[in-house]
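An overview of the molecular structure
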Amino acid sequence: MARLGMVIDLKRCIGCNACTLACKQETGTPEGMHYARVITREVGMYPAVKRTFLPVLCNHCDDAPCAQVCPSGATWIRADGLVMVDREKCIGCRACAVACPYMNRHFIERGLLQHGYSSDGLSPYEAIKFADFEEGTMSKCTLCAHRVDQGLEPACVVTCPTEARIFGDLEPENGKLQLLIRERGGWTLLPECNTKPSVYYLDE
Amino acid sequence: MTTQSIAIAPHRFAFGYYRQAWWNWLIGAAFFCGGLGAGLFLISLLTRHALGMLVGYLIVVVGKNTAHLLYLGRPERFWRAAMRPDRSWIARGIWASGLFGVSGLLLLLPYWLGPAWQLPPGIEPAVSAVAIVSALFIMFYDGFVMNTSPAIPFWHTKLLPVLVLMYAALGGTTLALTIRELRGGGGAVLDYLHHEEHILLTTNFLLLSFYLLRMLRWAPAARETARLWLKGPYARVFFGLVLLVGLLATLLLSLVHDRVQATWLVALIAACEMTGDFALLMILLKSGLFAPQTAKAYVQGR
């Protein structure tokens, strides 16, 4: 069985946030919600200062704490490893948000879907996209499951201008993802949390 | 760069520690009511005090559950929270609350509606056992709700359920004492409860100190939270309300009360203890920090 995941090459990332925007355009998340984002950090002392970028998204953990703590069973893991939320079952307790070490769960507050980015009501685009959300429930990155199911890659992957994101199956030992991870010493975020993320990073 | 120089991130696009912002005062109120009410009910049941049982029962069934319902994003679906007791402590808590609601009511009915509602002798011990176990569960399960995930290192310790349980026992004992004294009761039970309260106040002080010392040697995010408690923005709440009012003032007033019998003093002791109890839960919730989003900085800090 496949285990979908991603490798992000930090050597290639230029911090342009195209992934952030592509994700917002694809998923139509309301104001203040970002499934994909780039964490920016300044390292060093003047004059030897550099800015580093860390693109983050849901890690679709194999041992996802968000799924373990969900009391209603709204958070579930697909056979291909994608962590999903069934909004019909979600009660909005936010236990998953507290449990996710990567802070990639998003709560849709009451009233959030009543206004778009412009001040007056919803744009036609927002009116269509906001139908995918429900106030008082949790939402998260699905690694563009709706695209993946059609044989396409996630929006953040196809948009990345430097091709820093490589999407695929983590399962095959000699697959492109596993080869990259082995050859370039791929690592995951917060390994001490033992969540077994499906998003790896390369910086060597 | 060392972990000491990592600040709290102002937003999610910045690097640093991230504040826990989801569980707010309503969750704090629910945890507070759960611990206090279940503790009071349990102590009153064991010492056969009907009014204490009733007050404890109402604090849990009305107070705790109302706070939880007000907090939920979709309160009309609250029943779904009971669906996964196999893996979720929240679901287990819902089951315990349900069992507590039924068993507590069955035990309370004879006191208020008359002996006709008395349970058959063969059933009453079983119902009492269910009430005791479920009340005990409600007293500590919040600790497991918080400590299960590794996301917030300050909570991710086995000490947390113990701390929550001990504070629930302290709150229950103090309120049981208050109700008994205000009703004009006395005797050996009061002396026993006073003694128990003094022991719990001392134990909780030691436990809290040990907890903080442990956190100062825990993961960097836990150390940062401990620093916020001791020197940062939560220091006034921690030293002022949790330690000074919640433990020290409660203990001193309780010792004074052994010599000076006064109704206002009894009420003041209860108010002090509950203030400290609630303040502790609130800073536990509000000061929880997520670790910075990287592997390497985290490893450096260890």
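These numbers come from a predicted model, not from an experiment. (Residues numbered from 1 in each chain as written. Chains lettered and ligands numbered in written order. Predicted model: local features only at pLDDT ≥ 70, side-chain atom pairs only at ≥ 80, totals over all residues. Heavy atoms only, no water.)

To continue, consider the overall build of chain B. Summing up its helical and strand segments, chain B has ten helices and two strands in all. Walking chain B from its N terminus toward its C terminus, one meets helices and strands in the order β-α-α-α-α-α-α-α-α-α-β-α. In terms of overall size, chain B behaves like a compact globule, its C-alpha atoms giving a radius of gyration of 21 Å where 302 residues would be expected to give roughly 19 Å. C-alpha extents for chain B along the principal axes are approximately 70 × 50 × 25 Å. A total of 302 residues make up chain B; the buried ones form 57% of that total. At a minimum sequence separation of 6, the contacts of chain B that also span at least 24 residues come to 73%. Here chain B has roughly 13100 Å² of accessible surface; of this, 71% comes from carbon and sulfur atoms. Of the charged side chains in chain B, 23 are positive and 12 negative; the average position of the first set lies 16 Å away from that of the second. (Helix = DSSP H or I, 4+ residues; strand = E, 2+ residues; numbered from the N terminus. Rg over C-alpha atoms; globule rule 2.2 N^0.38 Å. Buried < 20%, exposed > 50% of the residue type's maximum accessible area, 1.4 Å probe, protein only. Contact = heavy atoms within 4.5 Å. Areas by Shrake-Rupley, 256 points an atom, 1.4 Å probe, with all protein chains shown as cover. Lys, Arg positive; Asp, Glu negative; His and termini not counted. Charge placed at Lys NZ, Arg CZ, Asp CG, Glu CD.)

Here we come to the packing of helix H2 (residues 50-71) of chain B against helix H4 (residues 124-147) of chain B. Residues and elements named next belong to chain B. Following both chains from N to C, one finds H2 and H4 inclined at 25°, their axes separated by 13 Å at the closest point. When the interaxial angle is binned, H2 and H4 end up roughly parallel. The two elements H2 and H4 meet at a crossing, and its hand is left-handed. In this structure, H2 uses Val60, Lys64 and His68 to contact H4, whose residues at the interface are Ile138, Tyr141 and Asp142. In terms of residue class, the contact of H2 with H4 is made up of three nonpolar, one polar and two charged. (Axes fitted to C-alpha atoms, helices over the stretch in contact; angles between N-to-C directions. Parallel < 35°, antiparallel > 145°, perpendicular 65-115°, else oblique. Left-handed = near helix turned anticlockwise from the far one by under 90°. Nonpolar A, V, L, I, M, F, W, Y, C, P; charged D, E, K, R; others polar.)

Contacts between the two partners involve 52 residues from chain A, matched on the other side by 41 residues from chain B. Both sides of the chain A and chain B interface together cover about 3800 Å² of buried area, and 59% of this is carbon and sulfur. If you sort the residues of chain A by the area they bury against chain B, Arg41(A), Val98(A) and Met103(A) come out on top, with a joint share of 19%. Joining chain A to chain B, the criterion identifies two salt bridges. At the boundary of chain A and chain B, one finds 20 residue pairs in polar contact (both at pLDDT 80 or more). Elements with a contribution of two residues or more to the side of chain A that touches chain B: strand S2 (37-45), helix H2 (65-69), helix H3 (95-99) and strand S6 (105-107) of chain A. Ranked by the residues each element gives to the side of chain A that touches chain B, the list is headed by S2(A), at six residues. In terms of residue class, the side of chain A that touches chain B is built from 25 nonpolar, 13 polar and 14 charged. (Buried area = accessible area lost by both parts, 1.4 Å probe. Salt bridge = Lys/Arg side-chain N within 4 Å of Asp/Glu carboxyl O. Polar contact = N/O pair within 3.5 Å; in protein donor to acceptor, adjacent residues only side chain to side chain.)

It is worth spelling out the nonpolar core at this point. Residue and element names in this part refer to chain B. Membership of the largest hydrophobic core comes to 143 residues, with the highest contact counts inside it found for Trp23, Phe154, Trp155, Leu208 and Trp229. It is helix H5 (residues 159-182) that contributes the most residues to this core, 13 residues altogether. With near-sequence residues (within four places) excluded, Leu208 lies in contact with Leu163, Tyr167, Trp229, Phe238, Val242, Leu243, Leu247 and Leu280. (Core = buried A, V, L, I, M, F, W, Y, C linked by side-chain atoms within 4.5 Å.)

Moving on: the sheet that holds strand S9 (residues 199-202) of chain A. Residue and element names in this part refer to chain A. Read across the sheet, three strands follow the order S8-S1-S9 without closing on themselves; strand pairing throughout is mixed. Edge positions in the open sheet fall to strand S8 (165-169) and S9, since each of these has one partner strand only. Each adjacent strand pair in this sheet contributes to an overall mean axis angle of 20°, direction not counted. Strand direction decides the pairing type here: strand S1 (residues 4-9) and S8, joined by five bridges, are antiparallel. In the strand pairing of S8, Met6 is matched with Phe167. Along the sheet, helix H7 (residues 176-183) contacts S1, S8 and S9; its crossing angle with S8, the most-contacted strand, is approximately 125°. (Pairing = 2+ DSSP bridges.)

This part covers the state of the cysteines. Residues and elements named next belong to chain A. Taken as a whole and assessed by the stated rule, the structure comprises zero disulfides over all chains. In this structure Cys93 is a free cysteine whose sulfur lies 6.3 Å from that of Cys96, the closest cysteine sulfur available. Cysteine Cys141 remains unbridged, with the sulfur of Cys58 as its closest cysteine sulfur at 5.3 Å. (Disulfide = S-S within 2.5 Å.)

With that settled, consider the environment of Leu57(A). Residue and element names in this part refer to chain A. The residue Leu57 is located in the loop between strand S3 (48-56) and H2 in this model. Separated by 47 residues in sequence, Leu57 and Asn104 have C-alpha atoms that sit 6.5 Å apart. Leave out the neighbours within four places in its chain, and Leu57 touches Met6, Ile8, Tyr35, Ala36, Asn104, Cys141, Leu143, Arg165 and Val199.

This part covers the packing of aromatic side chains. Within the structure shown, the criterion is met by 17 aromatic pairs over all chains. Through a chain of ring-to-ring contacts, three or more aromatic side chains come together here, namely Trp89(B), Phe137(B), Phe140(B), Tyr141(B) and Phe144(B). In this structure, Arg41(A) is placed above the aromatic ring of Phe15(B), and the distance from its NZ or CZ to the ring centre is 3.8 Å. Above the ring of Trp89(B), the side-chain terminus of Arg92(B) is found at 4.6 Å from the ring centroid. (Phe/Tyr/Trp six-rings, centres within 6.5 Å; stacked < 30°, edge-to-face > 60°. Lys NZ or Arg CZ within 6 Å of the ring centre and 35° of its normal.)

Once that is clear, we can look at unusual backbone geometry. For the peptide bond that leads from Tyr46(A) to Pro47(A), omega is 5°, which places it in the cis range. Secondary-structure assignment places Pro47(A) in the loop between S2 and S3. Of note in the backbone geometry, Leu190(A) takes a positive phi value of approximately 40° without being a glycine. Here Leu190(A) is to be found in the loop between H7 and S9. Not every positive phi belongs to a glycine, and Arg48(B) is a case in point at roughly 55°. Since its relative accessible area comes to 48%, Arg48(B) is described here as partly exposed.

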